[in-house]
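Each chain, written out:
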Amino acid sequence: MGRLKLQSGIKAIEEEPEESEANPSNKTALACVINSEIGAVLAIMRRNVRWGGRYMSGDDQLEHTLIQSLKELRQKIFTWQNQWGDISPAEYLGPFLNVIRSDETGAPITGITLSAVYKILTLNVFDPSTKEVEKAMLMLVDAVTSCRFEVTDPASEEVVLMKILQVLLASMKSKASIVLSNQHICTIVNTCFRVVHQATTKGELLQRIARHTMHEIVRCIFAHLPDVDNTERALVNGGSSTKSEIGAPGNDPNFAAKQLENGNFGTEFVSSLSSSNFASNAPSSMIVGAMNESSDGTSVGKEVGPYDVHLMTEPYGVPCMVEIFHFLCSLLNVVEHIGMASRSNNLSFDEDVPLFALSLINSAIELGGASFLRHPRLLNLIQDDLFRNLMQFGLSISPLILSMVCSIVLNLYHHLRIELKLQFEAFFSCVILRLAQSRYGASYQQQEVAMEALVDFCRQKGFMVEMYANLDCDITCSNVFEDLANLLSKSAFPVNCPLSSMHILALDGLIAVIQGMVERSGNESLCLQQASVNLEEYTPFWMVKCNNYNDPSDWVPFVRRRKYIKRRLMIGADHFNRDPKKGLEFLQGTHLLPEKLDPQSVACFFRYTAGLDKNLVGDFLGNHDEFCVQVLHEFAGTFDFQDMNLDTALRLFLETFRLPGESQKIQRVLEAFSDRYYEQCPQLFVNKDAAFLLSYSLVILNTDQHNMQVKKKMTEEDFIKNNRDAKGNNVFPRELLSELYHSIRKNEIRITPEQGAGLTEMTAIRWIDLMHKSKKTEPYIVAGSRAYLDHDMFAIMSGPTIAAISVVFDHAEHEHVCQTCIDGFLAVAKISACHHLEDVLDDLVVSLCKFTTLLNPSSGEEPVLAFGDDSKARMATVTVFTIANRYGDHIRTGWRNILDCILRLHKLGLLPARVASDAADELELPAEPSHGKPLPNSLTPAQLSTIGTPRRSSGLMGRFSQLLSLETEEPRSQPTEQQLAAHQRTVQTIQTCRIDSIFTESKFLQAESLLYLARALIWAAGRPHKGAGSPEDEDTAVFCLELLIAITLNNRDRIALLWQGVYEHIANIVQSSVMPSALVEKAVSGLLRICQRLLPYKENLADELLRSLQLVLKLDARVADAYCEQITQEVSRLVKANATRIRSQMGWRNITSLLSVTARHPEASDAGFEALLFIMTDGAHLSPPNFILCVDTARQFAESRVGQADRSIRALDLMAGCVTCLVQWANETNGAATKEEDAAKLCQDIGDMWLRHAQALRKVCLDQREEVRNHAVLSLQKCLTGVDEVHLPHSLWLQCFDLVVFTLLDDLLEIAQGHSQKDYRNMESTLILGMKLLSKVFLQMLDQLSQLTTFCKLWLGVLSRMERYMKVKIRSKRSEKLQELVPDLLKNTLLGMKTKRVLVQRSALGGDSLWELTWLHVKNIAPSLQSELFPSDGSEQNYLLESEGSQVSDATMVSAPGQAVASHG
């Protein structure tokens, strides 16, 4: 066995008493000290007559030997030549020790002598290196523990006893104490305890000093445990099991005799009347009984092995500590050994002795600490003896004892928890959980102490994690973590009573657990939590093992898997209790049982699953079916009956199910039991049949003794006779049968065990089972500081925790309690966010929002004042928005509640001016002096009228405004200081909330949370209704829309996420609006702002954004008219900022449609035209997709009579200028290396755009305004003649004449003849311009036109229009100007045709139809033109034909088609 290391580095505990003097520096000084002590002893001895004279010895008168030895020592001390270290301490201590041993000395002499020895000890004269120091220390201990003296009076007796204690303590604190043997240490402890016991009849001072000394000695001894060698020596006869029980000192005869001799003091106090022993028989027997107490019938499986004598005589170490610790544990049972009749105060004694023993044990554990783990015998004492007693005294009615028990268990947890796994489960299940709940009959004091202890445990950072990992995740253990968390939550609820200290205590425990999770959440490494647990295939659940309990990557998945299995087993148990067959099928489906059931798996399910109906299990096991019988035997095989008594084993077996009532079933069950018991304990029975017979006999005896219907009970002799064989011989030892009989008679075997309702009680049988299990239990998992399991734990306790904190917060009246709750709320929020438990965070937000009072319907009291006066509401409000700002990423449905609070503040006028401001606004639009200005920190009465005024309500601020108005006629009272202070507090609270940050910082929210926020805004805004709604509802809807637009703009990179919901919301508003309102105004402007801001960043969504503008076009006419100017301004900004980014025709169509609408709106037309100018000027932003759209928009501005005619003319100029873009695009197409198909397609598109452009201009040419009309004709002429560089298809020119030129001329002619001059002024000038346009275009494009197969028809159309224009009457008379103009134009045209050889007579035989038809029409216009242009001399014509052979040939080719067409016509 280990012993103390004697290295110099090991120091004894040095607590020098106050009397202690400084160490003398030389031997003379020490000699003087000793000399003075000798003188003091001699002086007190001379005062006694017995010692004052001389003793006669024969004829000589001699001094007493005690005095003589002291005088001899006085002579020697000054003559010693050696140093004190070379002098044996026995030489100068011996004379003093002789006086102490003498039974002739009185109490004063013994007391002064003990003081002298104490003084020498405290001088540190000797140490472990001093000569013969071991001998001297042994002499000292023997002398002091065998002290004898005459009792003269009680006071002197108490003084001597105190001096004895003083010397023993000093000897233990001396540096030389390490040379004391194990035996002497035990003797010192025994002596001290005798004095402690003797002191109970003495004065209070002696009692306290005795207990203190005992305490200090135990501390001195166990303080050396960490210094003891870690090597284990042979224990008994060369060695024994390290798990064997501690041998009691009395088991060794020699040691027991020596102990009795030394520990009994052997002292007689001589008095004048009688003599009495120093220590009465009662304490002596008590100590011997306590020190020699061996294990009782409940301790099984232990090897009793006393220490060898030689170990007890070696320098002290583990052996004496084992004996002392065992002695201290046995003191907890001392009440059973001492008769209580002699005690004056039984209750006090019941409390006093266990408290004293527990305090000593606590000190030993505090000082020994983790060193107990190195010594199996000490550890075994703690695991079994100590914890068994702690379980017993934990249920004591004394709060002091319970408190001390809890302190010891806390120390054990801190130092030794890795070896006490099941003991902790039992303690918390059977003590803490039982006492902390009033329903189990515990007093309030017990409840409070138990709760305090539980809170202390919760403050240990890893406690709850380790309980969860080691117990809750073990299928064979109870859910301690879950039970403790539920206990704390329930205990925090004040049910029909005010808040008490117990509720606050439970709250502290809950928050301690939560804070521990918060600290661990900051230690990274949450990745191990994320993997989900699934059982892909069947694996025996009781065989699941962990490879490395020290590696989190191994044990974390292991415990999570086990917890999953445990939960599934519990569900399976529930199914089994309803229908056993379906229960087993469920477990097969979850791969916890094999597809084909085997007996072992079902047996283990019955054995290890909690919550099963024991009646059903008993019926299954007792069934005669072969499979059920196999399950029964496998079930029995799961029990460990090693070293158990038969009745103990039977009790354990029958606790797990209800024994069936049928005799055959009972027989099958007991056969399985006896087979297993005989297998493990074959030495007790001859064969299995003997074990079965005795087991059956015990069941019958149990029924006989404890069934109320049995009147005549079986006696012991009857039981013994019943167990004889047929011949009357004793099959079993009589002692065994007698023991079993009395065991059954005293303690019933419960045939119908508890169904698990409530908490189980720790019985002796269950403790035996626990100790058996503890030998096989899996290693204790030390969780560390990482949050490996916090996700699973928090998911279990979050709901009850939030509810508990909420209830306490609701009932709290003191600020510190409220603050504690707020800290708890924030901690819950942080953990929820850390572990992505969004549902938990939503629940928390819901709970907190209720406390803000903002969601409560307004009462008679002014809400702003009430809020300012309610500190709890303000704290809750700040907390809600703190959570929203910090952990908004993980809020989902909770956004609705938060928005409800924001809306309430908005209605009260308590929000800053621009809660929903976005960064873009601040950059783009310069704020006004008060724009976005936060609420001021302080308020004056004058400011109350403008700040915080509730919207559309006559609230507090509105009334304040009236109160403070100087214009009021009636005298009104000023707001009180209390009202001002309340409002000030409200304002400061809102500022602290940083509500605007929720929206301005929304770009940092996770996508899912952002989506929920947007949905919450849409939900809060309400569904728009057709017709007028209430002002408050509209105000709310507008505010929510502002916030929605703000977060949309702030999240431009995630617009795809939000767009669908935002668009649908705005669409609902637009489509349901039939009258102008602020809501629809905000919706439309917001939509345009979104498009304007986001187009530069989201080109892939450009079409979606621009398509949304169709909503604006769908506005009700009244609404559109009311907000046309604002819409146009926004569209203008959109165009100016993003013209280059709009590429789709659909996008341009929507924009130009919006601009077109403004053309006829007085207020909006200027802004609309400005935007059109930006697009079309110099073709800056014209493109094929928007060309026609812009031209058409410009046409509408040209036709619009809103504004001056100059704008129409400018619009026409824009249209005319577009031709250059067409020419440019055509040239670019020709110059670009594109495919022929693409080039042809683009040329065709350009032609189509040109034609539609011309058609648009044609429409404006019919305008009533002369200047616009004429300018349009000129613009059209420019359009038609400006594309000569563009190779347009010939057929397109034909369409142009048909659809544009001819149509225009016809329309103009019709207008001139059919409309009043008042409507169309000066049409003559327009007709002239029209004729000029016809002639110029025809001549310019003659080369292309002449190629047409229908050229003849086209030419005739030109002639016919000229002819009609010649004859047109304006104001009932023909136009002179036209009559002059048309012939000239015709002449020029004919000359051009002649020059280009288009009009030439090809044949004189009348086959030239073009020639003939031409002159036929010309004669109607100007008859002389033919002769003028084509003289009648045919020689000239022939000459031309002959001299210009090639030309004539060409002309003929050109004319040929015309002739054909004409002929065809």
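Residues numbered from 1 in each chain as written. Predicted model: local features only at pLDDT ≥ 70, side-chain atom pairs only at ≥ 80, totals over all residues. Heavy atoms only, no water.

Turning to the overall build of the protein, a few remarks are in order. Of regular secondary structure, the protein possesses 66 helices and eight strands. Within the protein, buried positions represent 53% of all 1465 residues. For the protein, restricting intrachain contacts to residue pairs at least 6 apart in sequence, the fraction spanning at least 24 positions comes to 77%. Summed over all atoms, the accessible surface of the protein reaches about 63,800 Å², with 49% contributed by carbon and sulfur. (Helix = DSSP H or I, 4+ residues; strand = E, 2+ residues; numbered from the N terminus. Buried < 20%, exposed > 50% of the residue type's maximum accessible area, 1.4 Å probe, protein only. Contact = heavy atoms within 4.5 Å. Areas by Shrake-Rupley, 256 points an atom, 1.4 Å probe, with all protein chains shown as cover.)

Our next topic: a positive patch on the surface. Where like charges cluster on the molecular surface, the positive patch consists of Lys1318, Arg1321, Arg1371 and Lys1373. With respect to the helices and strands, the residue arginine 1321 is situated in the loop between helix H58 (1290-1314) and helix H59 (1323-1340). The exposed category is assigned to arginine 1321, whose relative accessible area is 56%. (Patch = residues over 30% accessible without salt bridge, like charges linked within 9 Å, V, L, I, M, F, W, Y side chains within 5 Å. Salt bridge = Lys/Arg side-chain N within 4 Å of Asp/Glu carboxyl O. Lys, Arg positive; Asp, Glu negative; His and termini not counted. Charge placed at Lys NZ, Arg CZ, Asp CG, Glu CD.)

So, about the nonpolar core. Of all hydrophobic cores here, the largest spans 457 residues; its most connected members are Tyr92, Phe325, Leu412, Phe606, Phe999 and Trp1250. Considering every element that reaches this core, the biggest residue donor is H58, with 13 residues. Sequence-distant contacts of phenylalanine 325, that is, excluding residues within four places in its chain, are made with Phe222, Ile361, Ala364, Ile365, Phe372, Leu378, Leu381, Ile382 and Leu386. (Core = buried A, V, L, I, M, F, W, Y, C linked by side-chain atoms within 4.5 Å.)

Turning our eyes to something else, we now look at the packing of helix H21 (residues 501-521) against helix H33 (residues 790-811). Taken N-terminus to C-terminus, the directions of H21 and H33 make an angle of 140°; their axes are 10 Å apart at the nearest point. The handedness of the crossing between H21 and H33 is left-handed. In this structure, H21 uses Ile504, Leu507, Leu510, Ile511, Val513, Ile514, Met517 and Arg520 to contact H33, whose residues at the interface are Asp790, Met793, Phe794, Met797, Thr801, Ala804, Ile805 and Val808. In terms of residue class, the contact of H21 with H33 is made up of 13 nonpolar, one polar and two charged. (Axes fitted to C-alpha atoms, helices over the stretch in contact; angles between N-to-C directions. Left-handed = near helix turned anticlockwise from the far one by under 90°. Nonpolar A, V, L, I, M, F, W, Y, C, P; charged D, E, K, R; others polar.)

All right, on to the pattern of salt bridges then. Applying the stated criterion across every chain yields a total of 43 salt bridges. Note that glutamate 1199 is salt-bridged to arginine 1160, the shortest N-O span being 3.9 Å. Note that glutamate 1199 is positioned in helix H53 (residues 1187-1199) and arginine 1160 in the loop between helix H51 (1145-1158) and helix H52 (1165-1176), a separation of 39 residues in sequence. Members of the salt-bridge network, linked through shared partners, are Lys421, Asp474, Lys545, Arg562 and Glu778.

So, about the packing of aromatic side chains. In the structure shown here, the tally under the stated rule is 47 aromatic pairs. Relative to phenylalanine 356, the ring of phenylalanine 193 has its centre 6.5 Å away and its plane inclined at 20°; by these criteria the two rings are stacked. Here phenylalanine 193 is found in helix H8 (residues 182-198), whereas its partner phenylalanine 356 is found in helix H14 (residues 346-368), with 163 residues between them in sequence. For phenylalanine 193, a relative accessible area of 5% translates into the label buried. On the numbers, 5.9 Å between centres and 75° between planes, the contact of phenylalanine 576 with phenylalanine 605 is edge-to-face. With a gap of 29 residues between them, phenylalanine 576 in helix H22 (residues 552-578) and phenylalanine 605 in helix H24 (residues 599-608) connect regions that are remote in the sequence. Residue phenylalanine 576 shares its accessibility class with phenylalanine 605, and that shared class is buried. Ring-pair connections join several aromatic residues into one group, and the members of that group are Phe635, Phe639, Phe641, Phe653, Phe657, Phe673, Tyr677, Phe685 and Phe732. (Phe/Tyr/Trp six-rings, centres within 6.5 Å; stacked < 30°, edge-to-face > 60°.)

At their nearest, the axes of helix H38 (residues 894-907) and helix H44 (residues 1031-1050) sit 11 Å apart, and the two run at 120° to each other. The angle between the axes of H38 and H44 places the two elements in the oblique class. Both H38 and H44 take part in a crossing whose hand is right-handed. Packed against H38, whose contacting residues are Leu899, Ile902, Leu903, His906 and Lys907, the element H44 presents Asp1035, Thr1036, Phe1039, Cys1040 and Leu1043 at the interface. Residue composition of the contact of H38 with H44, grouped by class: six nonpolar, two polar and two charged. (Parallel < 35°, antiparallel > 145°, perpendicular 65-115°, else oblique.)

For the rest of this paragraph, the subject is the confidence of the model for the protein. For the protein, per-residue confidence averages 80 on the pLDDT scale, and residues scoring 70 or more make up 81% of the total. Per-residue pLDDT stays below 50 along residues 1-24; that stretch engages in 65 contacts with residues further than four places along the chain or on separate chains. The model gives residues 231-305 a pLDDT under 50, and that stretch makes 159 contacts with residues more than four places away or in other chains. (pLDDT = per-residue confidence, 0-100.)

What follows concerns the environment of aspartate 1213. Locating aspartate 1213 in the fold gives a position in helix H54 (residues 1205-1217). With relative accessibility at 41%, the residue aspartate 1213 sits in the partly exposed group. For the pair aspartate 1213 and histidine 1271, spaced 58 residues apart in sequence, the C-alpha separation works out to 8.6 Å.

Moving on to the environment of histidine 811. By the element assignment, histidine 811 lies in helix H33. What histidine 811 contacts, discounting residues up to four positions off in sequence, is Pro494, Leu499 and Lys872. A polar contact is formed between the side chain of histidine 811 and the backbone oxygen of valine 807, at a distance of 2.9 Å. (Polar contact = N/O pair within 3.5 Å; in protein donor to acceptor, adjacent residues only side chain to side chain.)

The next thing to look at is the side chain of histidine 503. On the secondary structure map, histidine 503 appears in helix H21. Within the structure, histidine 503 has its side chain in polar contact with the backbone nitrogen of serine 500 (distance 2.9 Å). With residues near it in sequence (within four places) discarded, histidine 503 still touches Ser491, Ala492, Phe493, Pro494, Cys497 and Pro498.

Along its 14 residues, helix H13 (residues 318-331) runs 20 Å from first to last C-alpha, staying within 8% of the 20 Å computed at 1.5 Å per residue. Among the 14 residues that make up H13, 14 are buried, leaving the element largely enclosed by the rest of the structure. (Expected span 1.5 Å × (residues − 1).)

We now examine the side chain of glutamate 838. Turning to its location among the elements, glutamate 838 is positioned in helix H35 (residues 838-851). What makes glutamate 838 buried here is its relative accessible area of 18%. Every residue in contact with glutamate 838, bar those within four places of it in the chain, is listed here: His890 and Arg892.

Glancing now at unusual backbone geometry. Trans peptide bonds make up the majority, and among non-glycine residues the majority have a negative phi. The phi torsion at asparagine 124 lies on the positive side, around 55°, for a residue other than glycine. Note on placement: asparagine 124 falls in the loop between helix H5 (107-122) and helix H6 (133-145). Residue asparagine 124 is classed as partly exposed on the basis of its relative accessible area of 25%. The phi angle at asparagine 1322 is positive, at roughly 50°, despite the residue not being glycine. Among the secondary structure elements, asparagine 1322 is positioned in the loop between H58 and H59. Residue classification places asparagine 1322 among the partly exposed positions, given a relative accessible area of 32%.

When the terminal C-alpha atoms of H21 are compared, their 30 Å separation across 21 residues agrees well with the 30 Å that a helix rising 1.5 Å per residue should span. Of all 21 residues making up H21, 16 are buried, and the element is well covered by its neighbours.

In this section: the environment of glycine 111. Structurally, the position occupied by glycine 111 is in helix H5. Residues glycine 111 and isoleucine 100, 11 residues apart in the sequence, show an inter-C-alpha distance of 8.5 Å. Other than its neighbours up to four places away in sequence, glycine 111 contacts Val160 and Lys163.

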